Amino acid sequence: MSDLREIYQEVILDHYRKPRNFQALDAATSEARGHNPLCGDRISVYLVVRGGRVENISFQGAGCAISTASASLMTEAVKGKTLDEAKALFHHFHDMMTGPEDDGEVGDLGKLEALSGVRRIPIRVKCATLAWHTFKSALEDDARNAEPVTTE
Amino acid sequence: MSGAAFSADPLPGKVAVARRCHPSLPFDVERVRADFPALEQTIHGKPLAYLDNAASAQKPQAMIDAVTSAYTHNYSNVHRGVHTLSQRATEAYEGAREIARRFMGAARPEEIVFVRGTTEGINLVAHSFVRPRLAPGDEVLISAMEHHSNIVPWQIVCEETGARLRVAPITDRGEIDLDAFEDLLTDRTRMVAVVHVSNALGTINPARRIVELASRRGIPTLFDGAQAAPHLELDVAELGCDFYTISGHKLFGPTGIGALYGRFERLAAMKPYEGGGEMIRSVTFEATEYNDPPHRFEAGTPHIVGAIGLGAAMCYVEETGLDAIAAHEHELLIHATKRLGEIPQVRLIGTAAEKAAVLSFVVEGIHAHDVGTILDHQGVAVRVGHHCAQPLMDRYGVPATARASFAFYNTRQEVDRLVDGLHQLLEFFGP
């Protein structure tokens, strides 16, 4: 079970049990929905963007431990960031999740690095990236009820 | 190479046909396990417990050998050549059809069409048999527990013709509501297509009763037998259905091959599904005369070696004995149902009175994908997801389930390892 502990790190289990920023935001300036048809995971990401900055972010939905924890950690990581910083973080995280496993350098992603072990199970990488793709869709498309993004 | 070398090498088709395929030894799970090389491996350092048989089954050495031998010694195209290899390949291919006839209980080999699998069998019937008979307002009746392969082909032909797809509801236990089913049989019903054994719930549907209800009204029937064939003795003639279709890969045979049984009068009255070689008698640019069934439905070079492998797999199952298989699997089902029932956080989805050894379940508070990953790290292979039955998942209000599905090579110890794995999962995720 030891390598399972590297995948399901304590921070992941903690954010799964107690997801942060887990609510709808009535004041959201944009919102996007994501869906992974393979496992039925659904997520909505709510954003309040003001003055070129992610002033607030939250999410709701149902998913596995990895997708829920990833969404929760993402909301903590991008809150308060400028849009450019948030986009850079998306790419940085995406590179970490999709890069080769032996690529030890994941850079400085703070708590998000807890998800790097998921790379070992390629079919689960989409669980970790669903929230981020949904976030990116919300950033790019301010219209409510944009087409759901999918990681399939 | 001398002729003697060839004649010493048995032809798989010939041997298989000649065999009487009666079980010769009493069932012994350790002996049958030894026939399946894939079962010997370890996964994450643990012995593999392969409990994903409803998705696809592992392969016995006898089947692998039949495929290797066909490609190594007896390979050529079928039906046309006058040379020796072509005759051998034809004999083995048509020999496999005879084995499939016997395995499925058809009256004659011409009633067996080789297809890619159950999905193609259903599509063939939907397009060649049902579509020309559909007018706007006509109906096709399926059930709420169908695999996508027994939903989508009917949706396509209904959409093209203005017919309606009707869905017979199921009970909370996962049984077809037969009263509602009967009410849905109307004078507009042109086809009844139902799964024999549900891949997602394990329910064994009352096929005979369904045929009775439909044929009383002159409505043709098709059964999706993908999940039934590895577990139940088939007898399509006795069942009295019009079509019955199975997949090789779930029956310990190769991928990409399956069989469609069609009652001969039905097949003989049907137009081709695809055009090409093999399915014709004569061709001019003005007109083509179609071949008789089953060749009419086997356009192009068929999956020759796949069919030979399927025949070998069917022989293997017959030799193992379907009665013994059913008894062993039933014991596994009883044991697994009891052991999973001891875990309060586990809820079974599908508790029909008549069930095959398939256990779909959800674990309270833990997503099916996490269940699957953590069991995999203990060497236990289960399926997680919607099992290609999304409407069924919606029926039970769950996005996905975990599913343990057993074959005759599984053991009580593997059931116990599944249960141990679930205890570890619960411990891992904590309160």
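Note that the coordinates shown come from a computational prediction; the quantities given were computed from them, not determined experimentally.

Visitor: Mind showing me how you'd approach the overall build of chain B here?
Guide: Per the secondary structure count, chain B includes 16 helices and 17 strands. By the compact-globule yardstick of 22 Å for 431 residues, chain B fits well, its C-alpha radius of gyration being 22 Å. For chain B, the spread of C-alpha atoms along the three principal axes comes to 75 × 65 × 35 Å. Long-range pairs, those at least 24 residues apart, make up 72% of the contacts in chain B between residues at least 6 apart in sequence. Carbon and sulfur atoms form 52% of the exposed surface of chain B, whose accessible area is close to 17100 Å². Charged side chains in chain B number 40 positive and 53 negative. The centres of these two groups are separated by 3 Å.

Visitor: Even after reading the chapter, I still don't get unusual backbone geometry, so can you show me in this structure?
Guide: Generally, phi is negative for residues other than glycine and the peptide bonds are trans, each holding for most cases. All names here are of chain B. Here Pro293 and Pro294 are connected by a cis peptide whose omega angle stands at 5°. With respect to the secondary-structure elements, Pro294 resides in the loop between β12 (288–290) and α12 (304–320). In this structure, Phe252 is a non-glycine residue whose phi angle is positive, near 70°. By the element assignment, Phe252 lies in the loop between β9 (243–247) and β10 (258–262). Take Phe252: its relative accessible area is 1%, and that puts it in the buried class. At Glu278, a position not held by glycine, the phi torsion is positive, near 75°. Position of Glu278 among the secondary structure elements: in the loop between α11 (264–268) and β11 (280–283).

Visitor: Which parts of the structure should I look at to understand the sheet that holds β9(B)?
Guide: Note on sheets: strands pair through backbone hydrogen bonds, and any given pair is parallel or antiparallel. Residues and elements named next belong to chain B. Read from one edge to the other, the open sheet built from seven strands follows the order β4-β10-β9-β8-β7-β5-β6, with strand pairing classed as mixed. This sheet does not close on itself; its edge strands, each paired only once, are β4 (112–115) and β6 (164–168). Sheet twist, expressed as the average angle between the axes of neighbouring strands with direction ignored, equals 20°. Here β4 runs beside β10; their pairing, made up of four bridges, is antiparallel. Bridge pairing in β10 places Phe114 opposite Ala259.

Visitor: Would you explain the packing of helix α3 (residues 65–78) of chain A against helix α5 (residues 125–140) of chain A in this entry?
Guide: Geometry of a packed helix pair, given as the angle between the helix axes and the separation of the axes. Residues and elements named next belong to chain A. Axis separation between α3 and α5 bottoms out at 7 Å; the angle between their running directions is 40°. Judged by the inter-axis angle, α3 sits oblique to α5. As for the relative orientation of α3 and α5, their crossing is right-handed in sense. For the pair α3 and α5, the contacting residues are Ile66, Ser67, Ser70, Ala71, Met74 and Val78 in the first and Cys127, Ala128, Ala131, Trp132 and Phe135 in the second. Among the residues making up the contact of α3 with α5, the classes are represented as nine nonpolar, two polar and no charged.

Visitor: I tried to follow the interface of chain B and chain A on my own but got confused; where do I start?
Guide: By a frequent convention, interface size equals the accessible area lost on bringing the separate parts together. Between chain B and chain A, the residue contacts involve 20 residues of the former and 21 residues of the latter. Across the chain B/chain A interface, buried area totals approximately 1600 Å², and carbon plus sulfur atoms make up 60% of it. Run the count over chain B and chain A and you get one salt bridge. Of the charged contacts in the structure, one is a salt bridge between B:Asp370 and A:Arg124, with a shortest N-O distance of 2.9 Å. At the junction of chain B with chain A, the criterion picks out eight residue pairs in polar contact (both at pLDDT 80 or more).

Visitor: Looking at this structure, how should I read the domain arrangement of chain B?
Guide: Residue and element names in this part refer to chain B. Taken domain by domain, chain B comprises domain 1 (84–318) and domain 2 (322–425). Here domain 1 meets domain 2 over a buried area of about 2400 Å², counting both sides, of which 58% is carbon and sulfur. For the interface between domain 1 and domain 2, the tally reads one salt bridge. The partner of Asp172 in a salt bridge is Arg395, and the shortest N-O contact between them spans 2.9 Å. Taken together, the links from domain 1 to domain 2 amount to 17 residue pairs in polar contact (both at pLDDT 80 or more).

Visitor: Teacher, can you tell me more about the nonpolar core here?
Guide: Where a protein is soluble and globular, its nonpolar side chains tend to be buried together. Residue and element names in this part refer to chain B. If you look at the biggest cluster of nonpolar residues, it comprises 79 residues, and the most contacted ones within it are Phe181, Tyr244 and Tyr409. Here this core gets nine residues from one element, more than from any other, and that element is α12. Both of domain 1 (84–318) and domain 2 (322–425) provide at least three residues apiece to this core.

Visitor: What exactly am I supposed to notice about the confidence of the model for chain B here?
Guide: Reading fine detail from the predicted coordinates is not recommended where pLDDT is low. In the predicted model, chain B carries a mean pLDDT of 93, and 94% of its residues have values of at least 70. This stretch, residues 1–20 of chain B, has a pLDDT under 50; its non-local contacts, to residues over four places away or in other chains, come to 27 contacts.

Visitor: Whenever I open this one, the pairing of strand β3 (residues 53–62) of chain A confuses me. Can you help?
Guide: Here is the key point about a regular strand: its side chains alternate between the two faces of the sheet. Residues and elements named next belong to chain A. Sheet topology places strand β2 (residues 41–50) next to β3; nine bridges connect them, and they run antiparallel. Paired with Val45 across the strands is Phe59, a residue of β3. Connecting β2 to the antiparallel partner β3 that follows it, the hairpin turn spans two residues, and Gly51 within it adopts a positive phi of roughly 60°.

Visitor: Is there a simple way to explain the side chain of A:Arg124 in this structure?
Guide: The residue A:Arg124 is located in the loop between α4 (83–98) and α5 in this model. Excluding anything up to four places from it in sequence, A:Arg124 contacts A:Tyr8, A:Cys64, A:Ile66, A:Val118, B:His369, B:Asp370 and B:Thr373.

Visitor: I keep staring at the state of the cysteines and nothing clicks. Help me out?
Guide: Each disulfide consists of one covalent bond between the sulfur atoms belonging to two cysteines. All names here are of chain A. Under the counting rule described, the total for this entry stands at zero disulfides over all chains. Here Cys64 stays free of any disulfide, with the sulfur of Cys127 as its closest cysteine sulfur at 3.9 Å. Judged by relative accessible area, Cys64 falls into the buried class, the value being 0%.

Visitor: Looking at this model, I keep getting lost on helix α6 (residues 118–130) of chain B. Mind explaining?
Guide: Each full turn of the α-helix corresponds to 3.6 residues, which orients residues three or four apart in the same direction. For α6(B), a buried count of 11 out of 13 residues is recorded, marking the element as mostly surrounded by other parts of the structure. Of the residues making up α6(B), those classed as buried are B:Thr118, B:Glu120, B:Gly121, B:Ile122, B:Asn123, B:Leu124, B:Val125, B:Ala126, B:Ser128, B:Phe129 and B:Val130.

Visitor: Looking at this structure, how should I read the pairing of β9(B)?
Guide: All names here are of chain B. For β9, the buried fraction is high: five of the five residues fall into the buried class. Of the two faces of β9, the one lined by Phe243, Thr245 and Ser247 and the one lined by Tyr244 and Ile246 are each fully buried. Note that strand β8 (residues 221–224) and β9 share three bridges and pair parallel. The residue of β9 that forms the bridge with Phe223 is Tyr244.

So, how was this worked out
- Residues numbered from 1 in each chain as written.
- Chains lettered and ligands numbered in written order.
- Predicted model: local features only at pLDDT ≥ 70, side-chain atom pairs only at ≥ 80, totals over all residues.
- Heavy atoms only, no water.
- Helix = DSSP H or I, 4+ residues; strand = E, 2+ residues; numbered from the N terminus.
- Rg over C-alpha atoms; globule rule 2.2 N^0.38 Å.
- Contact = heavy atoms within 4.5 Å.
- Areas by Shrake-Rupley, 256 points an atom, 1.4 Å probe, with all protein chains shown as cover.
- Lys, Arg positive; Asp, Glu negative; His and termini not counted.
- Charge placed at Lys NZ, Arg CZ, Asp CG, Glu CD.
- Buried < 20%, exposed > 50% of the residue type's maximum accessible area, 1.4 Å probe, protein only.
- Pairing = 2+ DSSP bridges.
- Axes fitted to C-alpha atoms, helices over the stretch in contact; angles between N-to-C directions.
- Parallel < 35°, antiparallel > 145°, perpendicular 65-115°, else oblique.
- Left-handed = near helix turned anticlockwise from the far one by under 90°.
- Nonpolar A, V, L, I, M, F, W, Y, C, P; charged D, E, K, R; others polar.
- Buried area = accessible area lost by both parts, 1.4 Å probe.
- Salt bridge = Lys/Arg side-chain N within 4 Å of Asp/Glu carboxyl O.
- Polar contact = N/O pair within 3.5 Å; in protein donor to acceptor, adjacent residues only side chain to side chain.
- Domains from an automatic or database assignment.
- Core = buried A, V, L, I, M, F, W, Y, C linked by side-chain atoms within 4.5 Å.
- pLDDT = per-residue confidence, 0-100.
- Disulfide = S-S within 2.5 Å.

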